[in-house]
Amino acid sequence: MNSFPEILIDENAKERHPDYKKALFDLNSKNITAENSNHLVRIYTTTKEISYRNKILKLLYDHKYPELHSFFEMACKKERYLDMKVYALRGWAQFAEEKEIGKLVDKMKTSLAKREVTTPYNYQEYELLRGKNALPFLVEKYNYPSFRELLAQVNEQYERMPDAFKGHITTDESGEIVILRAPGESSKMIRDFLMG
């Protein structure tokens, strides 16, 4: 039995305390059981800290404990960031059929289309959606037409961005950010483009 950090079990613990953050970020998916997943769900639903919610989604999205079904569905609807919606969707897809998920994916496609207009150079979000733990994982595992269409749309919008915004970061299979360029190179490319 893996020991789960006491500080994360204590509902009165201060989430801004460095030990709290360290305990959460030191966890990996193998530490999660059906019992302690409830503590993570509680933290997720009460925190305003985006990095905590993101970490919790990635800790839970491969677990199929029945009590997580409604959590993932709620998280899909709650999250504003598309990458975090995809992480919640990765969890929810274990429980739901494509027709159940389809409406959410359609809304995501609409949001994605708006992003291209409102934040045309949001390369970080595209890279997170294209990461090995995100849409490509869903397409490979489920091969749903809705997932394939969403990934195709992400790739098309990504390709329409200027080259200065491409190839800076990606994510690996566990959702960790991988830096693809030397320090300073990315900011110089982007700065040079924006200064025109």
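For the structure given in this document, a descriptive report is provided here.

Rules behind the numbers
Residues numbered from 1 in each chain as written. Predicted model: local features only at pLDDT ≥ 70, side-chain atom pairs only at ≥ 80, totals over all residues. Heavy atoms only, no water. 1 Å grid on protein atoms, 1.4 Å probe; cavity = no way out; pocket = protein on both sides within 12 Å on 5 of 7 lines; lining within 4 Å. Points joined across faces, edges and corners; volume = space filled by probe spheres on them. Helix = DSSP H or I, 4+ residues; strand = E, 2+ residues; numbered from the N terminus. Nonpolar A, V, L, I, M, F, W, Y, C, P; charged D, E, K, R; others polar. Phe/Tyr/Trp six-rings, centres within 6.5 Å; stacked < 30°, edge-to-face > 60°. Buried < 20%, exposed > 50% of the residue type's maximum accessible area, 1.4 Å probe, protein only.

1. Some words on the layout of surface pockets
The method is simple in principle: a probe with the dimensions of a water molecule rolls over the atoms, and the space it marks as empty is what remains.
Okay, so step 1: In this structure, the largest pocket occupies an estimated 550 Å³ of space.
Okay, so step 2: For the largest pocket, the lining is made up of 27 residues, of which K55, K58, S174, G175 and E176 are closest to its centre.
Okay, so step 3: Put simply, the parts of the chain that give the lining of the largest pocket at least two residues each are α4 (50-60), α6 (82-92), α8 (123-130) and β1 (169-171).
Okay, so step 4: The leading source of residues in the lining of the largest pocket is α4, at 6 residues.
Okay, so step 5: Grouping the constituent residues of the lining of the largest pocket by class yields 11 nonpolar, 8 polar and 8 charged.
Okay, so step 6: Taken as a whole, the second largest pocket holds about 190 Å³ of empty space.
Okay, so step 7: Around the second largest pocket sit E73, K77, K85, W92, E100, K103, L104, K107, M108 and S111, which together line it.

2. A look at the packing of aromatic side chains
Okay, so step 1: According to the stated counting rule, one finds 14 aromatic pairs in the structure shown.
Okay, so step 2: For the pair Y61 and Y87, a centre-to-centre distance of 6.0 Å together with 65 degrees between the ring planes defines the contact as edge-to-face. In this pair, Y61 is assigned in the loop between α4 and α5 (68-78) and Y87 in helix α6, connecting sequence segments 26 residues apart.
Okay, so step 3: Using a relative accessible area of 2% as the deciding quantity, one classes Y61 as buried.
Okay, so step 4: For Y87, a relative accessible area of 1% puts it in the buried group.
Okay, so step 5: Plain terms: the ring middles of Y123 and F165 are 6.2 Å apart, the flat faces sit at 45 degrees to each other, and that makes the pair tilted. One end of the pair, Y123, is in helix α8; the other, F165, is in the loop between α10 (145-160) and β1, with 42 residues separating them in the sequence. F165 carries the same exposure label as Y123, and that label is buried.

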